[in-house]
Amino acid sequence: MSKATDYLQSVYAVIEHRDPNQAEFLEAVHDFFQTMTPVFEKHPEYIEANILERLTEPERVIQFRVPWLDDAGHMCVNRGFRVQFNSAIGPYKGGLRLHPSVNLSIVKFLGFEQIFKNSLTGLPIGGGKGGSDFDPKGKSDNEIMRFCQSFMTELSKYIGLDTDVPAGDIGVGGREIGFLYGQYKRLRGADRGVLTGKGLSYGGSLARTEATGFGLAYYTDEMLKANQTDFTGKRVAVSGAGNVAIYAIQKVAELGGKVITCSDSNGYVIDENGVDFEVVKQIKEVERGRIKDYADRVASATYHEGSVWDAQVAYDIALPCATQNEIDGAKAATVIANGAKAVAEGANMPSTPEAIAAYQQAGVLYGPAKAANAGGVAVSALEMSQNSMRLSWTFEEVDNRLKAIMQNIFANSVKAANEYGVSGDYLSGANIAGFTKVADAMMAQGLV
Ligand code: NDP
Ligand code: 2IT
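Residues numbered from 1 in each chain as written. Chains lettered and ligands numbered in written order. Predicted model: local features only at pLDDT ≥ 70, side-chain atom pairs only at ≥ 80, totals over all residues. Heavy atoms only, no water.

**Q** Explain the environment of Ala-381 to me, please; I cannot follow it from the model alone.
**A** As for its placement among the helices and strands, Ala-381 is situated in helix H16 (residues 375-389). On the basis of relative accessible area, Ala-381 is assigned to the buried category, the value being 7%. (Helix = DSSP H or I, 4+ residues; strand = E, 2+ residues; numbered from the N terminus. Buried < 20%, exposed > 50% of the residue type's maximum accessible area, 1.4 Å probe, protein only.)

**Q** I tried to follow the site of ligand 2 on my own but got confused; where do I start?
**A** The environment of ligand 2 is made up of 14 residues, and the closest members are Lys-93, Lys-117, Lys-129, Asp-169 and Ser-380. At a separation of 2.7 Å, an oxygen atom of ligand 2 approaches a polar side-chain atom of Lys-93. Note that an oxygen atom of ligand 2 is positioned 2.8 Å from one of the side-chain N or O atoms of Lys-117. Isolated, ligand 2 exposes 300 Å² of accessible area, and the fraction of that covered by the protein chains is 94%. Residue composition of the shell around ligand 2, grouped by class: 2 nonpolar, 7 polar and 5 charged. (Near = heavy atom within 4 Å. Polar contact = N/O pair within 3.5 Å; in protein donor to acceptor, adjacent residues only side chain to side chain. Areas by Shrake-Rupley, 256 points an atom, 1.4 Å probe, with all protein chains shown as cover. Nonpolar A, V, L, I, M, F, W, Y, C, P; charged D, E, K, R; others polar.)

**Q** Would you explain the packing of helix H1 (residues 3-18) against helix H2 (residues 23-33) in this entry?
**A** For any two helices packed against each other, the geometry is given by the interaxial angle and the distance between the axes. Packing of H1 against H2 leaves a shortest axis separation of 11 Å and a crossing angle of 175°. Taken together, the axes of H1 and H2 are roughly antiparallel relative to one another. Between H1 and H2, the contacting residues are Leu-8, Val-11, Tyr-12, Ile-15 and Glu-16 on the first element and Phe-25, Leu-26, Val-29, His-30 and Phe-33 on the second. Among the residues making up the contact of H1 with H2, the classes are represented as 8 nonpolar, 1 polar and 1 charged. (Axes fitted to C-alpha atoms, helices over the stretch in contact; angles between N-to-C directions. Parallel < 35°, antiparallel > 145°, perpendicular 65-115°, else oblique. Contact = heavy atoms within 4.5 Å.)

**Q** Help me out: how do you make sense of the sheet that holds strand E7 (residues 258-263) in this one?
**A** The strand order E9-E8-E7-E6-E10-E11-E12 describes an open sheet built from 7 strands, whose pairing is mixed. Either end of the sheet is taken by a strand with one partner, and the two such strands are strand E9 (301-305) and strand E12 (365-367). The sheet shows a mean angle of 15° between the axes of neighbouring strands, direction not considered. Looking at chain direction, strand E6 (residues 235-238) and E7 are connected through 3 bridges and run parallel. Its bridge partner being in E7, Ala-237 is matched across the sheet by Thr-261. (Pairing = 2+ DSSP bridges.)

**Q** Teacher, can you tell me more about the UniProt feature "active site" (unreviewed entry) in the chain here?
**A** Under the UniProt annotation, "active site" (unreviewed entry) lies at Lys-129. Within the secondary structure layout, Lys-129 lies in strand E4 (residues 126-132). When residues no more than four places from it in sequence are discounted, the contact partners of Lys-129 are Arg-82, Val-83, Gly-94, Gly-95, Val-107, Leu-110, Gly-111, Gln-114, Asp-169 and Asn-348. (UniProt positions renumbered as here; feature names shortened; annotations may be inferred.)

**Q** Help me understand the UniProt feature "site: Important for catalysis" (unreviewed entry) in the chain, please; the structure alone is not making it clear to me.
**A** Per the UniProt record, the feature "site: Important for catalysis" (unreviewed entry) sits at Asp-169. Discounting residues that sit within four places of it in the chain, Asp-169 has contacts with Gly-95, Leu-96, Arg-97, Lys-129 and Asn-348.

**Q** Looking at this structure, how should I read the site of ligand 1?
**A** Surveying the vicinity of ligand 1 reveals 26 residues, the closest of which are Asp-169, Thr-212, Ser-265, Arg-290 and Asn-348. Between an oxygen atom of ligand 1 and a main-chain N or O atom of Val-244, the distance comes to 2.9 Å. A distance of 3.4 Å is found between an oxygen atom of ligand 1 and a backbone nitrogen or oxygen belonging to Gly-346. In isolation ligand 1 offers 880 Å² of accessible surface; the protein chains occlude 83% of this area. Those elements giving two or more residues to the shell around ligand 1 turn out to be helix H9 (208-225) and helix H10 (243-254). Looking at the shell around ligand 1 residue by residue, the classes come out as 6 nonpolar, 12 polar and 8 charged.

**Q** Looking at this model, I keep getting lost on the pattern of salt bridges. Mind explaining?
**A** Side chains that differ in charge, positive against negative, can pair when their charged atoms come close. With the rule as written, the count across this model stands at 21 salt bridges. In this structure, Glu-48 engages Lys-3 in a salt bridge whose closest nitrogen and oxygen atoms are separated by 3.4 Å. With a gap of 45 residues between them, Glu-48 in helix H4 (residues 44-48) and Lys-3 in helix H1 connect regions that are remote in the sequence. Accessibility assignment for this pair places Glu-48 and Lys-3 in one class, exposed. Note that Asp-141 is salt-bridged to Arg-175, the shortest N-O span being 2.7 Å. Here Asp-141, found in helix H7 (residues 141-155), pairs with Arg-175, found in helix H8 (residues 174-188); they are 34 residues apart in sequence, far enough to count as distant. Here the salt bridges do not stand alone but share partners, grouping Arg-18, Glu-53 and Glu-57 into one network. (Salt bridge = Lys/Arg side-chain N within 4 Å of Asp/Glu carboxyl O.)

**Q** What is the right way to read the sheet that holds strand E5 (residues 164-168) from this model?
**A** Two modes of strand pairing occur in sheets, parallel and antiparallel, and in both the strands are linked by backbone hydrogen bonds. Spatially, E1-E2-E4-E3-E5 is the arrangement adopted by the 5 strands of the open sheet, whose pairing is mixed. Strand pairing shows two members of the sheet lacking a second neighbour, strand E1 (60-69) and E5, which therefore form its edges. If you compare each strand with its neighbour and ignore which way they point, the axes differ by 20° on average. Here 5 bridges tie strand E3 (residues 92-98) to E4, and the two strands are oriented parallel to one another. Each residue of the ladder has a partner; that of Arg-97, found in E4, is Gly-131. The strands touched by helix H6 (residues 104-120) within the sheet are E1, strand E2 (75-86), E3 and E4, with E4 carrying the most contacts at an inclination of about 155°.

**Q** Could you clarify how one ought to interpret the packing of H9 against H10 in this entry?
**A** Interhelical geometry of H9 versus H10 gives an angle of 50° and a closest axis separation of 7 Å. With respect to their mutual orientation, H9 and H10 come out oblique. When you trace H9 past H10, the crossing you get is right-handed. Residues Thr-209, Glu-210, Thr-212, Gly-213, Phe-214, Leu-216, Ala-217 and Tyr-218 of H9 lie in contact with H10, whose contacting residues are Asn-243, Val-244, Tyr-247, Ala-248, Gln-250, Lys-251 and Val-252. Residue composition of the contact of H9 with H10, grouped by class: 8 nonpolar, 5 polar and 2 charged. (Left-handed = near helix turned anticlockwise from the far one by under 90°.)

Written as structure tokens, this is what we have:
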């Protein structure tokens, strides 16, 4: 065993020993370590500096009680989190997730991945993530507001436009960011740059809503073109029907592809005519309904219970845009049998290690989340820039910058993979390119 693999294994053992029950965090770290051998073989100084043990321990973890009143007057309690993972290259930056599954393991896995994603954008942002096990489904607007106000009452003590800048994630969109910002302003004053994903009338950036989905399509387009193909005439399977999925569907269609599926946690639709993103948008963003409603409205669509990744339907490209571990080994086998030649991740960690191994074995092009879904946080950083300058760029200006950032991320991943002897491996390339920048910043700053 080389010194590098020895080091990787020994640090992983420490992490596993510290947090044996944090399955998602361990999975994210394990996946990452698997791509790091060439880096530590080339840079023994990172081993000397014990960079990985430092990098895998969050700088700070904040956990707090979120008491709130429901419409019936019941006193409810949820658990709030903010993990401030790494600030080597800039203020902590990352979304807030509201979903009943949220726990420390999930927030840590998301915060860990965010470090490298944010580094890849080329913008000066560190990594963080937060959220709560609050379930927004079925709640009234007033309940959402009271929850967000209570959540921010505590969170406001720990964030700031130069220290930690949260944004949206699952269950947190424009409505929630508005309530969170309103409460922050009452408590601490009008620092617009303290949250991103804001409404356009109070400091939001054009194209932030679209950014993750559009960015995913731009990244995938780059990956396809580097392999002598593109979206033209391709059948595309998308999962999810939320913020990332909706705008991925729109942009894929604009780039010449045909999206034939989308889904939510109950089931999925197949629309052979191509999913109409305006209908999904109306159902999900305006009515807050279920994807089943799509099939009631669109004659060419059929609705099915269960996971879209179990469906046997032909497609060329898969874009998982729902949640972590949505594609396991068995589902990956179905995706490959359905004809997928490329998978690019809109969601964070949607593929299990078994799924990733299956793509690699089958020669499926694989665009990992950290790279492929970095468009959202990239435009968040552009929102911070616009807030600081007290300027608003046009949609076209932001979209052009987003596209250039996604092209750079792909190019830098390819370059890093070539440099470290793993050409064509976009996962290793993204991890290495994201990591080396953060590691060098940490080394330069001494023992941090
Ligand atoms: P939304 O809340 O807007 O939408 C989430 C979608 O995924 C919904 O259709 C939801 O269905 C589905 N989903 C969520 N959890 C599950 C589950 N456990 N099983 C099946 N389906 C599920 O979230 P986003 O679109 O913002 O986020 C989707 C993914 O993209 C997440 O992994 C997020 O971390 C990632 N991401 C988001 C970014 C952003 O800017 N928003 C940026 C980068 C990554 P249902 O309504 O039934 O729950
Ligand atoms: O996972 C992610 O990158 C996000 N949820 C977006 C974070 C952000 O700060 O815009």
